[in-house]
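Now for the letters of each chain:
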Amino acid sequence: MQTRLARLYAKGDLRIEAAEVLEPGPGEVLLKMAAAGICGSDLHYYQDGGFGPVRVREPIIPGHEAAGIVERAGEGVPLKAGTLVAVNPSQPCGHCEYCQKAMPIHCLEMRFMGSAMRLPHEQGMFREWLVVPAKQCFEAGPGTSAAEAACSEPLSVCLHAASRAGEIRGKRVLVTGAGPIGSLMVAVVKHHGAAEIVVTDLADAALERAVAMGATRAVNVSQGAGALVEFEAGKGYFDLVFECSAAAPAIRGAIATVKPRGTIVQVGVSGEVPVPLNAIVAKELHIHGTQRFHEEFATAVALISSRAIDVRPIISHSLPLAQADAAFLLAGDRSAACKVQLTF
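Keep in mind the model is a prediction, meaning the values are calculated, not measured.

Calculation notes
Residues numbered from 1 in each chain as written. Predicted model: local features only at pLDDT ≥ 70, side-chain atom pairs only at ≥ 80, totals over all residues. Heavy atoms only, no water. Axes fitted to C-alpha atoms, helices over the stretch in contact; angles between N-to-C directions. Helix = DSSP H or I, 4+ residues; strand = E, 2+ residues; numbered from the N terminus. Parallel < 35°, antiparallel > 145°, perpendicular 65-115°, else oblique. Contact = heavy atoms within 4.5 Å. Nonpolar A, V, L, I, M, F, W, Y, C, P; charged D, E, K, R; others polar. Salt bridge = Lys/Arg side-chain N within 4 Å of Asp/Glu carboxyl O. Phe/Tyr/Trp six-rings, centres within 6.5 Å; stacked < 30°, edge-to-face > 60°. Buried < 20%, exposed > 50% of the residue type's maximum accessible area, 1.4 Å probe, protein only. Lys NZ or Arg CZ within 6 Å of the ring centre and 35° of its normal. Pairing = 2+ DSSP bridges. Expected span 1.5 Å × (residues − 1). Core = buried A, V, L, I, M, F, W, Y, C linked by side-chain atoms within 4.5 Å. Polar contact = N/O pair within 3.5 Å; in protein donor to acceptor, adjacent residues only side chain to side chain.

### So, the packing of helix α1 (residues 40–48) against helix α10 (residues 324–331)
Right, so step 1: Between α1 and α10, the shortest axis-to-axis distance is 10 Å and the interhelical angle comes to 105 degrees. When the axes of α1 and α10 are compared, the pair comes out roughly perpendicular. Seen from α1, the contacting residues are Asp42, Leu43 and Tyr46; seen from α10, they are Asp325, Phe328, Leu329 and Ala331.
Right, so step 2: A class-by-class count of the residues in the contact of α1 with α10 yields 5 nonpolar, no polar and 2 charged.

Below is the structure:
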């Protein structure tokens, strides 16, 4: 049996190829893939050959946010054929120092599907058929579409970011960057009971989607830092900021508009960015990094299945695998697209 897949060889060099598919072994399932989203890291691989120190050094199948339908289950797997599942791409080893300390996100031997961080690269999910350990498959609820289930991974990222922030209920919150992660972050903050959610971006289309996800106010900052000056009075307006853009102006704006002893959770990832350390020190700010997720994946699938968080407003385009190049180009156009997914 063969599967078609999308394999990236270098910057801009994405090829549709065929490969053999093995039968599922004990504890594994064969999935007919249904939908897979293009993430920001996938886009960086395609546009730039990587991001920061993470570079594409050998051919890689991208894709780490996907859903598929169980075709066959191996020995000892209770999942039934026809079941829609979201696939958790995270595979911590379970025995290293950090796994033993209940910190699997920081696993020393982490295997994360579709990631170029390690050599050999971990192959991802942009393919028609996939054999995967059943423990990575989480059943979606009745009525959930494959497109929705495929958003479980990015929603998990936002749920973990929220866990790094402390109490959110009743807080004034700023979310900088209204791409897929920023918009999902808005939905998570709303779910946690924030009193006010202001979102910023450079594109009106992105801001409109963030409002659909629950933002109480959208601010286009394309005209410069002055767009947020009203929030700088009195040493800052916001209790909490989720910085989802990794853009230097947005980070400076977050520091300027958060209250003394407020919290900034850095969600967006980039290379080195200069920051005003004097302001961080003077305002006694709490700044937290956040990376990926673990137990939040099951929570994300449940929230999507119940539509307690409705991810549908961010899903802007679906293209077949054969049009993967076009899908990546579209995903790079923030004036037209938000979450672009491949279908199989």
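From this point, things continue past the structure.
### So, the environment of Ala150
Right, so step 1: Structurally, Ala150 can be placed in the loop between α3 (146–149) and α4 (152–163).
Right, so step 2: For the pair Ala150 and Ala34, spaced 116 residues apart in sequence, the C-alpha to C-alpha distance is 8.7 Å.
Right, so step 3: Excluding residues within four positions of it along the chain, Ala150 makes contact with Ala35, Glu65, Ala66, Ala67 and Gln341.

### Some details on the pattern of salt bridges
Right, so step 1: Counted according to the given criterion, the structure contains 14 salt bridges.
Right, so step 2: Note that Lys339 and Glu65 form a salt bridge whose closest N and O atoms lie 2.6 Å from each other. Note that Lys339 is positioned in strand β19 (residues 339–343) and Glu65 in strand β6 (residues 65–73), a separation of 274 residues in sequence.
Right, so step 3: Note that Asp201 is salt-bridged to Arg334, the shortest N-O span being 2.9 Å. Separated by 133 residues along the polypeptide, Asp201 in strand β13 (residues 196–201) and Arg334 in the loop between α10 and β19 bring together distant segments of the chain.

### Some points on the environment of Met1
Right, so step 1: Following the sequence through the fold, Met1 ends up in the segment before β1 (2–10).
Right, so step 2: Taking C-alpha positions, Met1 is 42 Å from Gly271, a pair spaced 270 residues apart along the chain.
Right, so step 3: Apart from residues lying up to four places away in sequence, Met1 is in contact with Ala19, Glu20, Val21, Leu30, Arg72 and Trp129.

### Details of the packing of aromatic side chains
Right, so step 1: Scanning the entire structure with this criterion turns up 9 aromatic pairs.
Right, so step 2: When the ring of Phe231 is compared with that of Tyr237, the centres are 5.3 Å apart and the planes differ by 55 degrees; the resulting orientation is tilted.
Right, so step 3: In this structure Phe231 comes out as buried when scored by relative accessible area, which is 3%.
Right, so step 4: A centroid spacing of 5.2 Å and a plane angle of 90 degrees characterise the contact between Tyr237 and Phe238, whose relative ring orientation is edge-to-face.
Right, so step 5: A residue is classified by how much of its surface remains accessible, and Phe238, at 0% relative accessible area, is buried.
Right, so step 6: Put simply, the rings of Phe112, Phe138, Phe293 and Phe297 pair up and form one aromatic cluster.
Right, so step 7: Taking the ring centre of Trp129 as reference, the NZ or CZ of Lys32 above it sits at 5.7 Å.
Right, so step 8: In this structure, Arg292 packs its charged tip against the face of Phe112, placed 4.0 Å from the ring centre.

### What to know about the sheet that holds strand β15 (residues 238–243)
Right, so step 1: Taken together, 6 strands build an open sheet; the order of strands is β14-β13-β12-β15-β16-β17 and the sheet is parallel. On the outer flanks of this sheet lie β14 (217–220) and β17 (286–289), each paired with one strand and no other. Pairs of neighbouring strands in the sheet enclose a mean axial angle of 20 degrees, with direction left out of account.
Right, so step 2: Where β15 lies against strand β16 (residues 258–266), 5 bridges are found, and the strand directions are parallel. Bridge pairing links Phe242 to Val265 in β16.

### Details of α4
Given 3.6 residues per turn, any residue in an α-helix points the same way as the ones three and four places further on.
Right, so step 1: The terminal C-alpha atoms of α4, which comprises 12 residues, lie 16 Å apart, in line with the 16 Å expected from a rise of 1.5 Å per residue.
Right, so step 2: Of all 12 residues in α4, 11 are buried; the element is thus mostly enclosed.
Right, so step 3: Here α4 has its buried residues at Ser152, Glu153, Pro154, Leu155, Ser156, Val157, Cys158, Leu159, His160, Ala161 and Ala162.

### Thoughts on the nonpolar core
Right, so step 1: Core analysis: the biggest nonpolar cluster contains 39 residues, and Val29, Leu31, Phe126 and Val132 have the highest contact counts within it.
Right, so step 2: Of all the elements in the fold, those that place two or more residues in this core are β1, β3 (28–37), α1, β6, β7 (84–87), β10 (129–133), α10 and β19.
Right, so step 3: Those residues in contact with Val29, other than ones at most four positions away along the chain, are Pro24, Arg72, Ala73, Val77, Leu79, Leu130, Val131, Val132, Ala134 and Cys137.
Right, so step 4: Grouped together as the second largest cluster of nonpolar side chains are 38 residues, Val188, Ala194, Val199 and Leu303 included.

### Here's the deal with the side chain of Glu17
Right, so step 1: As for its placement among the helices and strands, Glu17 is situated in strand β2 (residues 13–20).
Right, so step 2: A distance of 2.7 Å separates the side chain of Glu17 from the side chain of Arg7, its partner in a polar contact.
Right, so step 3: In this structure, Glu17 is in contact with Thr3, Arg4, Leu5, Arg7 and Tyr9, ignoring residues within four places of it in sequence.

### Notes on the side chain of Ser183
Right, so step 1: With respect to the element layout, Ser183 can be found in helix α5 (residues 180–191).
Right, so step 2: Ignoring any residue separated from it by four or fewer positions in sequence, one finds Ser183 in contact with Ala178, Ala206, Arg209, Ala210, Met213 and Ile314.

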